[in-house]
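# Secondary and tertiary structure notes
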Amino acid sequence: MSGDATRARTDACGVAGRVAGSEDGDPALERAWDLRQDHPTEFARAVGALPRSPAATLLRGRLSQARLAWDDALRLSMEAERDIPDGTRWHARALEIIGNILVVLQQDDAAVSYLAAASDGYDRVGCQIGRSSSLQTRALLGFRTDREALPMLLEALELAETAGDDGLTGTILLNIVEAGERLGMPEAARQAYLDRALRLLRGSWRDGYVRARCFQADSLLARGDTEGAARMLRDIPDPSTIATLEARCATACTLAELALRQGNPERGVQLTRACLVEQLPACDEQMVRRTLSRCLEAVGDLRGALTEARLSADLHARQLGENASAKARALDVWHRTAQLRRDRQRQAARADRLEQALAELRAAHERIRELSIRDTLTGLHNRQHLLEVADGALADAGPQRPGQVAMIDVDGFKKVNDTHGHPAGDSVLRAFGQLLRSHLPADDLVARYGGEEFVVIRLPRSEQADPRADATGLVRDLDAFRAVSACTQWRDHRGEPLAPVTVSVGVALITSPSLEPALLHADQTMYAAKRAGGDRVWTADGCPQPAVSPRR
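Residues numbered from 1 in each chain as written. Predicted model: local features only at pLDDT ≥ 70, side-chain atom pairs only at ≥ 80, totals over all residues. Heavy atoms only, no water.

### With respect to the packing of helix α10 (residues 149-163) against helix α11 (residues 166-183)
Quick note on the threshold: Angles run from 0 to 180 degrees between N-to-C directions of axes, and those axes are lines fitted to C-alpha atoms, restricted for helices to the stretch in contact. Runs of E in the DSSP output that reach at least two residues are strands. Runs of H or I that reach at least four are helices, and both are numbered from the N terminus. By the definition adopted for this analysis, an angle is roughly parallel if under 35 degrees, roughly antiparallel if over 145, roughly perpendicular if from 65 to 115, and oblique otherwise. Handedness of a crossing is defined here by the sense of rotation of the near helix relative to the far one, left-handed for an anticlockwise turn of less than a right angle and right-handed for a clockwise turn. Contacts: residue pairs with any heavy atoms within 4.5 Å of one another. Three categories are distinguished: nonpolar for Ala, Val, Leu, Ile, Met, Phe, Trp, Tyr, Cys and Pro, charged for Asp, Glu, Lys and Arg, and polar for the others, with Gly belonging to the last.
Between α10 and α11, whose axes approach to 9 Å, the crossing angle comes to 160°. Comparing their axes, α11 and α10 come out roughly antiparallel. For the pair α10 and α11, the sense of crossing is left-handed. Here L150, L153, L154, A156, L157, A160 and E161 of α10 lie close against α11, whose contacting residues are L168, T169, I172, L173, N175, I176, A179 and L183. Residues that form the contact of α10 with α11 fall into these classes: twelve nonpolar, two polar and one charged.

Set out below in structure tokens:
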């Protein structure tokens, strides 16, 4: 962290803290605290020179945390938290450190409680950087539990910017990029946050800068650009030299994925196994074990690959609150397949049984993959999957060979929830998704975009004499769906009848390989249809209307 940023952090936590407790503002304690993140060797020397006190005990706990001695870290931090007076800056720091340790120990509920108390404590003593840091960690846990994560990160960002801490600001920006990808933030907005994070982290936090570079390389690998990812990672240091645990894991996994793509899975095994000698947070451990499984499979170690895949799936299921036993049963097939493969090498007569087991393996792998791309309420594809596959699927789209996209919104859905309750609303959305899917061809991409909004993408058709001849096909299909929806007897979760459910639909042509411009036009057109009274299908300018439709 830069000197200016360090001074800003100290100032932000200073005046209010010094009047709150006898140790707040102690120069030796504050100097040691400021060294904790970026100067581990100097931090250890400074802590060793401190006289005994509750704040010094806390710093020893923080040093144990940096050394990954989690038991000592938790014991010392809780001892310090007990002895430091409430309402002081050091007490808030103790709460935050305990919360961060509990995250690593995968005790997320307890971690959230400690981090919330730390955030309140920092607020009472006027420490903006401390509050920003604890809000960020709570938001990271929130990705798995609620949709308040992104607003919480944005609040943390504002506090860090006000305090002038470039390192913390860059870190929060990077986490916003990762959260935005999960929550469907437009690519242009994510890229703007990422570019800004790189500028700030380059001069303030080496590990954070490395993590951001790896994030860009991951995006290039996802698009199949192995050479571009290799250039992005050319000067990335060895993961073992990276101080931050999360950055170390992310770097190792990215380098392992690149090695796998380049035909060197042995290097990937080496990188990922080096991470697993330490105790990791659940999200990092799941990522590392998933990457290790793929590398082990590539080198022919199926037993190891199956073991790591099972552990990864169990961690993933626990994070998402899904039924872990169902995934474990599916991954048992992987273990049986590994044994059968070894048997086939010894006995060629058992080849048929092996092929059957391999088919079960592929089916189990596909079922696990399907869990991650489906909306749990409607069974349709989710927003993340839609945005991930759209640009690749639309690679051939152009003015002479357009695709079509529709934004669909359930009219008056808030009234259903307010009048009949959320279970009734869920029942309507579930039945609505099934009805929508049944009215469209199987090769249309249908996804729940969020709340009561749905998106349909119809890919460009094969070359034909008039390339725009079928440009009104999606409009016709959705107009028919609209009519059926309006006359369907909808029912709540108890089977009781509800008022008719109508829809507003906006349709636009996709005339480039990027979905974003057409999706924006469709969204604007849908809102125009809604303002006009709803229960109608409207098209954006340039998208032909079917002759049978009187609308717009």
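Moving on from the model shown.
### Considering the environment of L515
The line we're drawing: A 1.4 Å probe rolled over the protein chains alone gives each residue an accessible area, and that area as a share of the maximum for its type sets the label: buried under 20%, exposed over 50%, partly exposed in between.
On the secondary structure map, L515 appears in the loop between β4 (503-510) and α25 (516-531). What makes L515 buried here is its relative accessible area of 2%. For the pair L515 and I457, spaced 58 residues apart in the sequence, the C-alpha separation amounts to 9.2 Å.

### Some details on the nonpolar core
Convention followed: Throughout, nonpolar core names a set of buried Ala, Val, Leu, Ile, Met, Phe, Trp, Tyr and Cys residues whose side chains join them through atoms within 4.5 Å.
One finds L58, L59, W90 and L233 to be the most contacted residues of the largest nonpolar core, which totals 54 residues. Listed in part, the 28 residues of the second largest apolar core include V177, A179, L200 and F215.

### What about the state of the cysteines?
Put simply, the rule is: Note on disulfides: each one is a pair of cysteine sulfur atoms within 2.5 Å.
Summed over the entire model, instances satisfying the criterion amount to zero disulfides. For the unlinked cysteine C275, the closest cysteine sulfur is that of C249, found at 4.4 Å.

### Brief notes about the packing of helix α7 (residues 89-104) against helix α8 (residues 108-125)
Where α7 contacts α8, the axes come no closer than 8 Å and their chain directions differ by 160°. Relative to α8, the element α7 lies roughly antiparallel. You can see that α7 and α8 cross each other, and the crossing is left-handed. Here α7 contributes R89, A92, R93, L95, E96, I98, G99, N100, L102 and V103 to the contact with α8, which in turn contributes D108, A110, A111, Y114, L115, A117, A118, G121, Y122 and V125. Grouping the constituent residues of the contact of α7 with α8 by class yields 13 nonpolar, three polar and four charged.

Note that all results are geometric; they support no functional claim without further evidence.
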